[in-house]
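Given next are the chains, with one letter for each unit.
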Amino acid sequence: MDAHLYAKTNQQRSLEELIALLRIPSISTLPVHQADIRAAAEWLAAHLSSMGLESRLYETAGHPIVYAQWLGAPSAPTVLIYGHYDVQPPDPIQEWHTPPFEPTLRDGRLYARGASDDKGQLFAHIKAVEALLRTEGRLPVNVKFIIEGEEETGSPNLAPFIRAHQDLLAADVVLVSDTHSRSLEQPSIVYALRGMAYMELEVWGPKRDLHSGTYGGAVHNPAQALCELIARLHDDNGTVTVPGFYDRVRPLDEEERAALNQAPYTEAALKAETGVQAAWGEAEYRIHERIGARPTLEVNGLVSGWTGEGAKTVLPAKALAKISCRLVADQDPQEIYQLVRDYIARITPPTVSTEVRLLHYGLPAITDRHSPAVQAAVAAYEEGWGAQPIFTREGGSIPIVAEFQSSLKAPVVLMGFGLPDDALHAPNEKLTLECFWRGIATSISFLTRASALPVRG
Ligand code: BES
Ligand code: MN
Ligand code: MN
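Calculation notes
- Residues numbered from 1 in each chain as written.
- Chains lettered and ligands numbered in written order.
- Predicted model: local features only at pLDDT ≥ 70, side-chain atom pairs only at ≥ 80, totals over all residues.
- Heavy atoms only, no water.
- Helix = DSSP H or I, 4+ residues; strand = E, 2+ residues; numbered from the N terminus.
- Buried < 20%, exposed > 50% of the residue type's maximum accessible area, 1.4 Å probe, protein only.
- Contact = heavy atoms within 4.5 Å.
- Near = heavy atom within 4 Å.
- Polar contact = N/O pair within 3.5 Å; in protein donor to acceptor, adjacent residues only side chain to side chain.
- Areas by Shrake-Rupley, 256 points an atom, 1.4 Å probe, with all protein chains shown as cover.
- Nonpolar A, V, L, I, M, F, W, Y, C, P; charged D, E, K, R; others polar.
- Donors = N, O, S within 2.8 Å, 3.2 Å for Na, K, Ca; no water.
- Tetrahedral: all angles 85-135°; square planar, octahedral: opposite > 155°, others 65-115°.
- Axes fitted to C-alpha atoms, helices over the stretch in contact; angles between N-to-C directions.
- Parallel < 35°, antiparallel > 145°, perpendicular 65-115°, else oblique.
- Left-handed = near helix turned anticlockwise from the far one by under 90°.
- 1 Å grid on protein atoms, 1.4 Å probe; cavity = no way out; pocket = protein on both sides within 12 Å on 5 of 7 lines; lining within 4 Å.
- Points joined across faces, edges and corners; volume = space filled by probe spheres on them.
- Domains from an automatic or database assignment.
- Pairing = 2+ DSSP bridges.
- Buried area = accessible area lost by both parts, 1.4 Å probe.
- Salt bridge = Lys/Arg side-chain N within 4 Å of Asp/Glu carboxyl O.
- Core = buried A, V, L, I, M, F, W, Y, C linked by side-chain atoms within 4.5 Å.

Structural notes on the overall build of the protein chain
In step 1: When helices and strands are tallied, the protein chain shows 15 helices and 18 strands.
In step 2: Considered along the principal axes of its C-alpha atoms, the protein chain spans approximately 80 × 50 × 45 Å.
In step 3: Each of the 457 residues in the protein chain was classed as buried or not, and the buried ones make up 56%.

Notes on the side chain of threonine 78
In step 1: For threonine 78, the location among the structural elements is in strand E3 (residues 78-84).
In step 2: Relative accessible area serves as the criterion here: at 11%, threonine 78 is assigned to the buried category.
In step 3: Apart from the residues lying within four places of it in its own chain, the contact partners of threonine 78 are Asn142, Lys144, Ala170, Ala171, Asp172 and Val173.

Quick look at the site of ligand 1
In step 1: Close to ligand 1 lie 16 residues; Glu151, Asp178, Arg326, Ser397 and His425 are nearest.
In step 2: Take histidine 425: an N or O atom from its side chain is 2.8 Å from an oxygen atom of ligand 1.
In step 3: Summarising the interface, the protein chains cover 91% of the accessible area of ligand 1, which totals 520 Å² for the free molecule.
In step 4: Considering only residue class, the shell around ligand 1 consists of three nonpolar, seven polar and six charged.

Let's talk about the coordination of the manganese ion (ligand 2)
In step 1: Within the protein, His84 (NE2), Asp117 (OD), Asp178 (OD) and Asp178 (OD) serve as the donor atoms for the manganese ion (ligand 2), at 2.0 to 2.3 Å.
In step 2: Here the manganese ion (ligand 2) is ringed by six donor atoms whose angles at the metal span 59 to 168 degrees, and the overall shape comes out irregular.
In step 3: Positions of the donor residues of the manganese ion (ligand 2) along the chain correspond to the pattern H-x32-D-x60-D.
In step 4: Between the manganese ion (ligand 2) and the manganese ion (ligand 3), a separation of 3.6 Å is found, and both are coordinated by aspartate 117.

Concerning unusual backbone geometry
Among all residues save glycine, negative phi is the norm, and among peptide bonds the norm is trans.
In step 1: Cis geometry is adopted by the peptide bond preceding proline 92, which originates at aspartate 91 and carries an omega value of -5 degrees.
In step 2: Position of proline 92 relative to the elements: it lies in the loop between E3 and strand E4 (104-106).
In step 3: Phi angles above zero are rare outside glycine, and aspartate 107 is one such case at about 50 degrees.
In step 4: Inspection of the secondary structure puts aspartate 107 in the loop between E4 and strand E5 (109-111).
In step 5: For aspartate 107, a relative accessible area of 75% gives the class exposed.
In step 6: We note that serine 155 has phi near 50 degrees; this positive angle belongs to a residue other than glycine.
In step 7: Structurally, the position occupied by serine 155 is in the loop between strand E6 (142-148) and helix H5 (158-164).

Observations concerning the packing of helix H2 (residues 11-22) against helix H15 (residues 433-450)
In step 1: Interaxial distance between H2 and H15 falls to 12 Å at its minimum, and their mutual angle equals 110 degrees. Accordingly, the angle class assigned to the pair H2 and H15 is roughly perpendicular. In this structure, H2 meets H15 at a crossing whose hand is right-handed. The residues of H15 that touch H2, namely those facing Gln11, Ser14, Leu15 and Leu18, are Leu433, Phe436 and Trp437.
In step 2: For the contact of H2 with H15, the per-class residue count stands at five nonpolar, two polar and no charged.

Remarks on empty space enclosed by the protein
It is a probe the size of a water molecule, rolled over the atoms, that shows where empty space is left.
In step 1: Tallied over the entire structure, the rule returns three cavities of 30 Å³ or more.
In step 2: Forming the boundary of the largest cavity are Ala192, Leu193, Arg194, Arg250, Gly292, Leu327, Val328, Ala329, Pro364, Ala365, Ile366 and Arg393.
In step 3: If you list the elements that add at least two residues to the lining of the largest cavity, you get strand E8 (188-193) and strand E15 (365-366).
In step 4: Formed jointly, the lining of the largest cavity draws a minimum of three residues from each of two domains, domain 1 (3-193 + 364-452) and domain 2 (195-247 + 295-360).

Looking at the sheet that holds E4
In step 1: Pairing is antiparallel across the open sheet formed by three strands, whose spatial order is E4-E5-E18. The outermost strands of the open sheet, each flanked by one partner alone, are E4 and strand E18 (430-432). Recorded for the sheet is a direction-independent mean angle of 25 degrees between the axes of neighbouring strands.
In step 2: Where E5 and E18 come together, three bridges link them in antiparallel fashion. Of the residues in E18, the one forming a bridge with tyrosine 111 is lysine 430.

Considerations on the domain arrangement of the protein chain
In step 1: The domain architecture assigned to the protein chain consists of domain 1 (3-193 + 364-452) and domain 2 (195-247 + 295-360).
In step 2: For domain 1 and domain 2, the distance between their C-alpha centres works out to 36 Å.
In step 3: Taken residue by residue, the interface counts eight residues in domain 1 and eight residues in domain 2.
In step 4: Interface of domain 1 and domain 2: buried area, both sides summed, is about 530 Å²; carbon and sulfur atoms make up 62% of it.
In step 5: Considering only the side of domain 1, the residues that lose the most area to domain 2 are Pro364, Ile366 and Ser397, jointly responsible for 66% of the buried surface there.
In step 6: Applying the counting rule to domain 1 against domain 2 returns zero salt bridges.
In step 7: Scanning the region where domain 1 abuts domain 2 turns up one residue pair in polar contact (both at pLDDT 80 or more).
In step 8: Considering only residue class, the side of domain 1 that touches domain 2 consists of three nonpolar, five polar and no charged.

What to know about the coordination of the manganese ion (ligand 3)
In step 1: Only Asp117 (OD), Glu152 (OE), Glu152 (OE) and His425 (NE2) from the protein reach the manganese ion (ligand 3) as donors, at distances of 2.0 to 2.6 Å.
In step 2: Angles of 55 to 155 degrees at the metal separate the six donor atoms of the manganese ion (ligand 3), which places the site in the irregular class.

Focus on the nonpolar core
In step 1: Core analysis: the biggest nonpolar cluster contains 71 residues, and Phe145 and Phe446 have the highest contact counts within it.
In step 2: Aside from chain neighbours lying at most four places away, what touches phenylalanine 145 is Leu48, Leu53, Val66, Tyr67, Ala68, Ile81, Leu122, His125, Ile126 and Val129.
In step 3: Grouped together as the second largest cluster of nonpolar side chains are 29 residues, Ala225, Val242, Ile336 and Tyr343 included.

Remarks on the side chain of threonine 98
In step 1: Checked against the element boundaries, threonine 98 lands in the loop between E3 and E4.
In step 2: The buried category is assigned to threonine 98, whose relative accessible area is 16%.
In step 3: A polar atom in the side chain of threonine 98 sits 3.4 Å from the side chain of threonine 104.
In step 4: Of note is the side chain of threonine 98, whose polar atom sits 3.3 Å from the side chain of arginine 106.
In step 5: Setting aside residues up to four positions removed in sequence, threonine 98 forms contacts with Thr104, Arg106, Tyr111 and Asn428.

So this is what it looks like as structure tokens:
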């Protein structure tokens, strides 16, 4: 039996195993889930061991890293497969049709938190490795897995781990499946990810909350001052007004722009996916350029004053906004933080005080579309997915990709198995089963083809 047939024959069991992994609520950002995080890491290490890989956990200052290897092909290339076992909180929980950690099948889709981001995509590679090992008794390449539990909180401990374990992680290609395609019929290889500078803007005025009748009109309301500041961060075109914000943005070259325009992201698709009435943003850029090649500044949350039921007349003492900038090559997150901080300081009125704090950051990444590894991935999609992939730039961030590039000096292949309607980070996240099956097949094809890639000396 060949590996593809093995994968098909074992679909039901693979699905049951994925469901077991998805039942573990490994939410990295919430301390009450510490034990679940560890359970997911241990589950993966045990599963990889049972397949015949050497595996172990590495402890970090935060959540453990799962590492596994099969190094039985000494002269062949080494593929390092990255994924994350942590998931986002399920909130707003009341919007889920079935509970987020009770995986449920409906219409060929598996609904659960983490189904697509990233347990399902990661598990496709694990099942591909299993299929090859069980049918051939060996792998065509050496394989290393590195699976972290802190991706959704900005990977604070993975970059230092990579730098400290360069020999352990040495590879000829890094394979990452944590992105999505435009559609089932049109898979895509992502070649650019945005970086991130995540900040908190706090505004405060009076020394305590005030009666809004006694003081309203004579004291600058911090909630209002915050809104006034935020309103000055974009112009009417949707362009960020922070001086210097775009200085290091690497423009698209004409060849690349033309290639991207062959498969444009249409306003109709955007409206259908999101339910918005119209697209928004910089008029001189097309939608896929606004998302993939332009930086943003977004308000992610606002907190101030009375937000409970009913009315309370209060003039709040402070107001807070969570603000994140998505960055493109060659912007530097720390520099962007300083620019935002300095601009806010400059436009803060004398009636309130402000502070901008950097919570976490990550670098943008661009991978080489023309590398032999990416070409092997193109052929793998043709064989395993059954369609020729297009190349896209993504708006999301996987900050560790830039670290793989700089520390391990290996080409990175972003082989996404998700779809745009997977509802990442939102209620009713799902994985389309057909993506899971095709993902396994594509991974089998890639690992087979990767044996012909150049081995680094
Ligand atoms: N899988 C996503 C990244 C992603 C999303 C790539 C959509 C391509 C398309 C990843 O798990 C994620 O959510 N990353 C965070 C990183 C942040 C916390 C630093 C993100 O993009 O918000
Ligand atoms: Mn992810
Ligand atoms: Mn995510």
